[in-house]
Amino acid sequence: MQFMLLFSRQGKLRLQKWYVPLSDKEKKKITRELVQTVLARKPKMCSFLEWRDLKIVYKRYASLYFCCAIEDQDNELITLEIIHRYVELLDKYFGSVCELDIIFNFEKAYFILDEFLLGGEVQETSKKNVLKAIEQADLLQEVRS
Amino acid sequence: MSDIVEKTLTALPGLFLQTPGAGGPAAARAPFSSRLGGLIRGITALTSKHEEEKLIQQELSNLKAAVSAPTTTLKMMKECMVRLIYCEMLGYDASFGYIHAIKLAQQGNLLEKRVGYLAVSLFLHESHELLLLLVNTVVKDLQSTNLVEVCMALTIVSQIFPQEMIPAVLPLIEDKLQHSKEIIRRKAVLALYKFHLIAPNQVQHIHIKFQKALCDRDVGVMAASLHIYHRMIKENSSGYKDLTGSFVTILKQVVGGKLPVDFNYHSVPAPWLQIQLLRILRLLGKDDQRTSELMYDVLDESLRRAELNHNVTYAILFECVHTVYSIYPKSELLEKAAKCIGKFVLSPKINLKYLGLKALTYVIQQDPTLALQHQMTIIECLDHPDPIIKRETLELLYRITNAQNITVIVQKMLEYLHQSKEEYIIVNLVGKIAELAEKYAPDNAWFIQTMNAVFSVGGDVMNPDIPNNFLRLLAEGFDDETEDQQLRLYAVQSYLTLLDVENVFYPQRFLQVMSWVLGEYSYLLDKETPEEVITKLYKLLMNDSISSETKAWLIAAVTKLTPQAHSSNIVERLIQEFTVSLDTCLRQHAFELKHLHENAELMKSLLPVNKSCEDMVVDASLSFLDSHVAEELSQGAAPYKPHHQRQEEKLSQEKVLNFEPYGLSFSSSGFTGRQSPAGISLGSDISGNSAEIGLKETSSLKLEGIQKLWGKEGYLPKKESKTGDETEAPPVSQESIIENVDQTITKKDPSQALTQSKEEKEKQLLASSLFVGLGSESTVNLLGKADTISHKFRRKSKVKEAISGEKTSAHNMTRSSFSSPTNVTYEEDYYLDNLRDGRDKELEKFALSAELLGSESLAEPPLVEKLSECRRPAPSLFADDMEVFHPPRSTSASLASESSLASLLEETTDHMHSDLTEVCGTEAMSLSSYRIWKDDCLLMVWLVSNKSGSELEGVNLEIAPAENFKITEQPGCCLPIIEAENTKNFQYSVQMEKPFTEGNLSGFINYQMMNTHAVQLEFSVNLSLLDFIRPLKISTEAFGKLWLSFANDVKQNVKMSESQAALPSALKTLRRKLRLHVVDIIGSEGLLACQLLPSIPCLLHFRVHGDVLALWFRSSCSTLPDYLLYQCQKVMEGS
């Protein structure tokens, strides 16, 4: 996976994770173009996009768009499931997650993402294991503080 | 307690949602000190972008003050970081905080450290200089006893880590592979995966530990190791074939549901794992029947088990189908996979349909009938409202294009092209259309019109190869001269029409194409005079929207037309106008035109009509300067010495080796100096300032670097049919298709056939025109006749020959300029003297290089003696071979053959040759062969000896043409009759066309004994890359220059076997076994050079560290370094 973006229906970026080194300028340009393209698509349309030499896989959950960039030989369907698994993890952690959870606790959302995907590859597919790792870190830091 | 607070806090935002007008009341209710919350609410309350900007700038300046204030505690710092991350996500620059993020990761407690690390991973990228400051922190945390700290450190390492600092953490991470906690092991594996991606050499030695990770008892660790394996197998699948069994077993277990339930996803067992394994198997089984056989069972089971109607099962199915089609085929599996593709294509879900189309593009070349099965779906997708589906369909059609359906498919592509705005799509599509048009164009008018569309839409974004190829195609023409003229005439006419249209702007590139064509081929026009064309060009020249580059093309066209024109009013006006132009380039062209115009005779000879393909005669030797040179010499000037000669003389005067590092002190521009002057002038830019415009035009067409899009595929023997036939054929055949289609439909579904609407009929008509020419003839709706023309445009071979001729001449020059160092004799003596003294190590090192260099140039042939497969060419040795090979009884025969060989050897004594080996034979005859490694080719010699007492007649030896070889029979070989007990030889010189590891050369021999039937024997010999590698004798400077000029490089560390673990023995092995030339030795580094015949050079730099040899290859050919590396590894590890 090359990068993952989360943005709202209004086009506001909520989360961004880049797995390839790019300059800030490029990142901004890509984000702007992609948000525009994805938001312009109709609900019945295909969840995949060809964009430059990349494949974009996106899915909308309530008011949030989750959007991943993969390479052409990657599997689009399983990428959709990666998005879904991430949403499940967020949901389990926050307890029926909504956009505001992610806005106000975006660092938590990042922590969860880092336990699930690492360096652009799926790190752990077991939901239980991911949440255990997060809880462990949360618990330890609370004991200290 | 804190746990509860945490929960309340996270629940709060949820409450905001329920309160209408979230801003005010919710803010009042929020008890937390979180200033982030305040910021976010502040932003949401704003209405304009401008206000937001103001607020955030304010926030940032507050933060800037806060982070640099000494009183800020780490806890506050953590809070600031979170806000900084937020600001940066909104697109504002927060770079002042980067250093504080690193500090926070370094100094904070767990809670703060976590945020610090997160901020670093979000702010910085791999090559950011600040990242170096993080290394110490990471090292410290990796050694921590706290599990969470170690996890954090591993997480950051797997995301961003500076490549040059890998050695600092590598041992620590390796240790973590044995950690008791699976989460640590898993993250360590992923960190190593990251290292493998950015610096594969550094983790090479731990490959064995990856195997341990693959066998880990924890599924997560095993799954993580698959990422590394996938990568490694992608790079080199042959090295991991032995693991196929393990991967198959793992997949079997996963599919069989043997994993813990935790790993299930929507009751499908570990889908990510399954997909990764299927990908790995795909790479392993490609083109390998034996390995593929191991996986048939498990693939079958995967296809069978994936029955649940859920996205994730489709994901697995898709991967499975792809694998089934990629590995060695098994018909039963292919059938099932084809059914699966059907499921995708026919699915009402749009995502699945898309993947179905994608799968079809993968498999269509193997199985075109699949496209026929789904043709109606494909037609529907072609008009799908979602452009992505449409585009994928076009991609599919692009792959099934042939001479019969080209017009329909290109029309569809053009329609899509006109709608799309994105540059990437346009470039891509335009390239495809141009490629198809060149390959399959049905007639001239269609071709020119299609290319016009390509140029006007693709304009200035398309690949420059497209106009270049198009012009070359027009200029070189095809086999039929009259047709060429028609094509050119049509192009000229269509451009004149286009230029007549008012107020239309064409892209610059299109105008350049037009001006070239008009300049070259306007003479073909009947009605319009050159003056009229010039007037049109002049009008364009006066247009302000046209770039000066295009204007240069236009003036060049006018210049070419001027000699043909009778009156020259406009030309004179043009000269007047542009000789005062501010653009120097245009002014130059105008002056050239002016002077040529004054001398009509010269102009006509300089700009002949329709000679753009004729070769230009360039006096490459600059002979017109000879008299000047002779004069200077007679007045006592020193004769000219080329640069390398001067350098060598300087070196020999100094009497020492050059210990300077190569490369740095040479400018890369020096490299071009070795090429022939002709080559340089050919490469000159079209708008450059050389004297003759017309000549420049022609030369620019012959640029060698142009990609040959329509090269080989388009070059097929022409079949009988002419264009006239085909244009008549389609209407007739289309009718028959419609009938056929109707019949099929009726058979399949009678009720549907009755209710067929007009629209459907249209679709079927479209289908029949699209899918014509696909599949076998037995398919119902196929055009009855075979593919009459496959490729419309072929180019003449003439130009190709000219280019190759040029290359060889350049090659000769290169070779002649290389000469081996002459001073080594002296050095060797020097070395021997010193060795007797045996004083210090430094001298030994020095001596070694002297020895190697000395023996290289002085005694290369004697070294050959030690080669097991080679023999020093000497008649006496050869006689021994002959005795081994001939039965002693036929001494006369062996004598005779010896004498015939003696003559052969006269010319080959200078070269090494292999032993004689028998390749086949009968009682009466024996065929044996040996190879002579000549400097310019491999000479294969086949000896046919008649062992019987009577004559052999009609002896004929033929070598089958092989894909990678160019084989030429040497003249003067043999009469078809071989007398009793005599030997004849056949010689073939073999050249390699592109690098490869091993190839096979086969052939057969026929002969007839007196009064008996003819006999035919087949034989084959294996040729390896090494047969075509020759030492490249160059000086160290030349090496430095070449090194800088080569783009393709490959680096690899090779472990040496014990017997070779030293520089001298390694060098010897490389020189003997691979025939590399030792250029220089500098300390523990060596420079070697070789060339692949005919003239692809490859350079090798190596360095010895203990028993590891770091090899670094560079070459002008992209694949050669890899093959050589492979050979190197073989000899270094093997013996």
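Residues numbered from 1 in each chain as written. Chains lettered and ligands numbered in written order. Predicted model: local features only at pLDDT ≥ 70, side-chain atom pairs only at ≥ 80, totals over all residues. Heavy atoms only, no water.

As recorded in an unreviewed UniProt entry, chain B goes by the name AP-4 complex subunit epsilon, listed as coming from Myotis myotis. Recorded in UniProt for chain B, the comment headed Subcellular location (unreviewed entry) runs: "Golgi apparatus, trans-Golgi network membrane". (UniProt positions renumbered as here; feature names shortened; annotations may be inferred.)

Under an unreviewed UniProt entry, the name given to chain A is AP complex subunit sigma, and the organism recorded is Myotis myotis. Taken verbatim from the UniProt record of chain A, the Subunit (unreviewed entry) comment is "Adaptor protein complex 1 (AP-1) is a heterotetramer composed of two large adaptins (gamma-type subunit AP1G1 and beta-type subunit AP1B1), a medium adaptin (mu-type subunit AP1M1 or AP1M2) and a small adaptin (sigma-type subunit AP1S1 or AP1S2 or AP1S3). Binds to MUC1."

Caption draft 1: Focus on the interface of chain B and chain A. Between chain B and chain A, the contact holds 76 residues from the first and 70 residues from the second. Note on chain B versus chain A: buried area summed over both sides is about 6,600 Å², and carbon and sulfur give 57% of it. Three residues, Met89, Arg114 and Trp272 of chain B, lead the burial of chain B against chain A; their summed loss comes to 13% of the area buried on that side. One can count seven salt bridges joining chain B with chain A. With eight residues, helix 1 (residues 2-18) of chain B is the single largest residue contributor to the side of chain B that touches chain A. A class-by-class count of the residues in the side of chain B that touches chain A yields 39 nonpolar, 18 polar and 19 charged. (Contact = heavy atoms within 4.5 Å. Buried area = accessible area lost by both parts, 1.4 Å probe. Salt bridge = Lys/Arg side-chain N within 4 Å of Asp/Glu carboxyl O. Helix = DSSP H or I, 4+ residues; strand = E, 2+ residues; numbered from the N terminus. Nonpolar A, V, L, I, M, F, W, Y, C, P; charged D, E, K, R; others polar.)

Caption draft 2: Local environment of the pairing of strand 17 (residues 1096-1105) of chain B. All names here are of chain B. For strand 17, the buried fraction is high: seven of the ten residues fall into the buried class. Pairing geometry for strand 16 (residues 1085-1092) and strand 17, over eight bridges, is antiparallel. Paired with Glu1085 across the two strands is Arg1103, which belongs to strand 17. Hairpin connection, strand 16 to strand 17: the antiparallel pair is bridged by three residues. (Buried < 20%, exposed > 50% of the residue type's maximum accessible area, 1.4 Å probe, protein only. Pairing = 2+ DSSP bridges.)

Caption draft 3: View of the sheet that holds strand 4 (residues 54-61) of chain A. Reading across from one edge, 2-1-5-4-3 (chain A) is the order of the five strands in this open sheet, with antiparallel pairing throughout. Each edge of the open sheet carries a strand with a single partner, namely strand 2 (13-18) and strand 3 (48-51) of chain A. Sheet twist, expressed as the average angle between the axes of neighbouring strands with direction ignored, equals 20°. Sitting on the sheet, helix 19 (residues 350-363) of chain B touches strand 3 and strand 4 of chain A, and the angle it makes with strand 3 of chain A is about 50°. (Axes fitted to C-alpha atoms, helices over the stretch in contact; angles between N-to-C directions.)

Caption draft 4: How the structure looks around the sheet that holds strand 11 (residues 998-1009) of chain B. All names here are of chain B. What the three strands build is an open sheet, ordered 8-11-12; its pairing is antiparallel. Only two strands of the sheet have a single partner each, and these edge strands are strand 8 (952-959) and strand 12 (1014-1024). Averaged over neighbouring strand pairs, the angle between their axes works out to 15° when direction is ignored. Note: strand 8 against strand 11, six bridges, orientation antiparallel. Within strand 11, the position partnered with Glu953 by the bridge is Gln1008.

Caption draft 5: Structural view of the layout of surface pockets. Residues and elements named next belong to chain B. In this structure, the second largest pocket spans a volume of roughly 1,500 Å³. Around the second largest pocket, the lining comprises 35 residues; the ones closest to its centre are Gln204, His207, Asn236, Gln1052 and Gln1129. Those elements that provide at least two residues to the lining of the second largest pocket are helix 12 (207-214), helix 13 (219-235), strand 14 (1048-1055) and helix 49 (1120-1134). In terms of residue class, the lining of the second largest pocket is made up of twelve nonpolar, 15 polar and eight charged. (1 Å grid on protein atoms, 1.4 Å probe; cavity = no way out; pocket = protein on both sides within 12 Å on 5 of 7 lines; lining within 4 Å. Points joined across faces, edges and corners; volume = space filled by probe spheres on them.)

Caption draft 6: Representation of the packing of aromatic side chains in the model. In this structure the tally under the stated criterion is 26 aromatic pairs over all chains. Measuring from centroid to centroid gives 6.4 Å for Phe318 of chain B and Tyr362 of chain B, while their planes differ by 45°, and the two rings are tilted. Of this pair, Phe318 of chain B sits in helix 17 (residues 311-326) while Tyr362 of chain B sits in helix 19, and the two are 44 residues apart along the sequence. Within the aromatic cluster, the residues linked to one another by ring pairs are Phe447, Phe455, Phe470, Tyr495, Tyr506 and Phe510 of chain B. Stacked on the ring of Phe111 of chain A, the Lys or Arg Arg114 of chain B has its end atom at 3.8 Å from the ring centre. Directly above the aromatic system of Tyr398 of chain B lies the positively charged group of Lys432 of chain B, at a separation of 5.0 Å from the ring centroid. (Phe/Tyr/Trp six-rings, centres within 6.5 Å; stacked < 30°, edge-to-face > 60°. Lys NZ or Arg CZ within 6 Å of the ring centre and 35° of its normal.)

Caption draft 7: Summary view of the environment of Lys594 of chain B. Residues and elements named next belong to chain B. Counting through the fold element by element, Lys594 comes out in helix 32 (residues 584-598). The spatial distance from the C-alpha of Lys594 to the C-alpha of Ile575 is 6.2 Å, given a sequence separation of 19 residues. Residue contacts for Lys594: discarding those within four places in its chain leaves Ile575 and Thr579.

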